[in-house]
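The lines below spell out each chain.
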Amino acid sequence: ATAEDSDADNYLHAAELEIGLDPGDPDSDDDGVADGDEVNIYGTDPFNADSDGDGASDGEELFSTMTDPLVWDDFAAASGDVAAE
């Protein structure tokens, strides 16, 4: 953490304020990915926990299922859950 980034989310306060993020909250959408990493590394939306709308959070896709959080995945089909189709 620094004076310019006290929440240590890899996004400077001035930049966060400019786009409407809270510079005191390192993960505005509570998806398990720091706001700055969403913008600067992964290209995901720091305002939306599920950037591709497939039902899995960005953090879940990046760190658990190892899928692309910017590409919709049919998790129901992958799990064999026919009832969800």
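Not measured: the values here are computed from a predicted model.

Scanning the protein chain for helices and strands turns up four helices and zero strands. The order of helices and strands in the protein chain, counted from the N terminus, is α-α-α-α. The principal-axis extents of the C-alpha atoms in the protein chain amount to approximately 50 × 20 × 15 Å. Here the protein chain holds 85 residues, and 34% of them are scored as buried.

Time to look at the side chain of Asp-31. Along the chain, the position of Asp-31 falls in the loop between α1 (13-19) and α2 (35-42). Polar contacts involving the side chain of Asp-31 include one to the main-chain amide nitrogen of Val-33, which spans 3.0 Å. Other than its neighbours up to four places away in sequence, Asp-31 contacts Glu-38, Asn-48, Ala-49, Ser-57, Asp-58, Gly-59 and Glu-60.

The topology assignment puts Asp-37 in helix α2. At a separation of 2.8 Å, a polar atom in the side chain of Asp-37 contacts the side chain of Asn-10. The residues contacting Asp-37, other than those within four sequence positions of it, are Asp-9, Asn-10 and Tyr-42.

With that settled, the discussion passes to a nonpolar patch on the surface. A cluster of nonpolar residues, Ile-19, Val-39 and Phe-47, forms a patch on the protein surface that exposes about 240 Å² of accessible area. Along the chain, Val-39 turns up in helix α2.

Next up on the list: α2. Buried residues of α2: Asp-35, Gly-36, Asp-37 and Glu-38, and no others. Packing partners of the buried residues in α2 comprise α1 and α3 (58-65). Positive phi appears at Gly-43, one or two residues downstream of α2, with a value of about 75°.

Below, the discussion takes up unusual backbone geometry. A positive phi angle is found at Asn-10, which is not glycine, with a value near 65°. Mapped onto the elements, Asn-10 comes out in the segment before α1. In the Ramachandran plot, Asp-30 falls in the positive-phi region, its phi being about 55° despite a non-glycine side chain. Its place among the elements puts Asp-30 in the loop between α1 and α2.

Attention now moves to the environment of Ser-28. Relative to the helices and strands, Ser-28 is located in the loop between α1 and α2. For Ser-28, a relative accessible area of 26% gives the class partly exposed. When the C-alpha positions of Ser-28 and Ala-56 are compared, they lie 17 Å apart, and in sequence the two are 28 residues distant. When neighbours within four sequence positions are excluded, Ser-28 is seen to be in contact with Leu-21, Asp-22, Asp-35 and Pro-46. Here Asp-35 takes part through its side chain, which lies 2.8 Å from a polar atom of the side chain of Ser-28.

Conventions and cut-offs
- Residues numbered from 1 in each chain as written.
- Predicted model: local features only at pLDDT ≥ 70, side-chain atom pairs only at ≥ 80, totals over all residues.
- Heavy atoms only, no water.
- Helix = DSSP H or I, 4+ residues; strand = E, 2+ residues; numbered from the N terminus.
- Buried < 20%, exposed > 50% of the residue type's maximum accessible area, 1.4 Å probe, protein only.
- Polar contact = N/O pair within 3.5 Å; in protein donor to acceptor, adjacent residues only side chain to side chain.
- Contact = heavy atoms within 4.5 Å.
- Patch = residues over 30% accessible without salt bridge, like charges linked within 9 Å, V, L, I, M, F, W, Y side chains within 5 Å.
- Areas by Shrake-Rupley, 256 points an atom, 1.4 Å probe, with all protein chains shown as cover.
- Salt bridge = Lys/Arg side-chain N within 4 Å of Asp/Glu carboxyl O.

The values are spatial; any link to function lies outside them.
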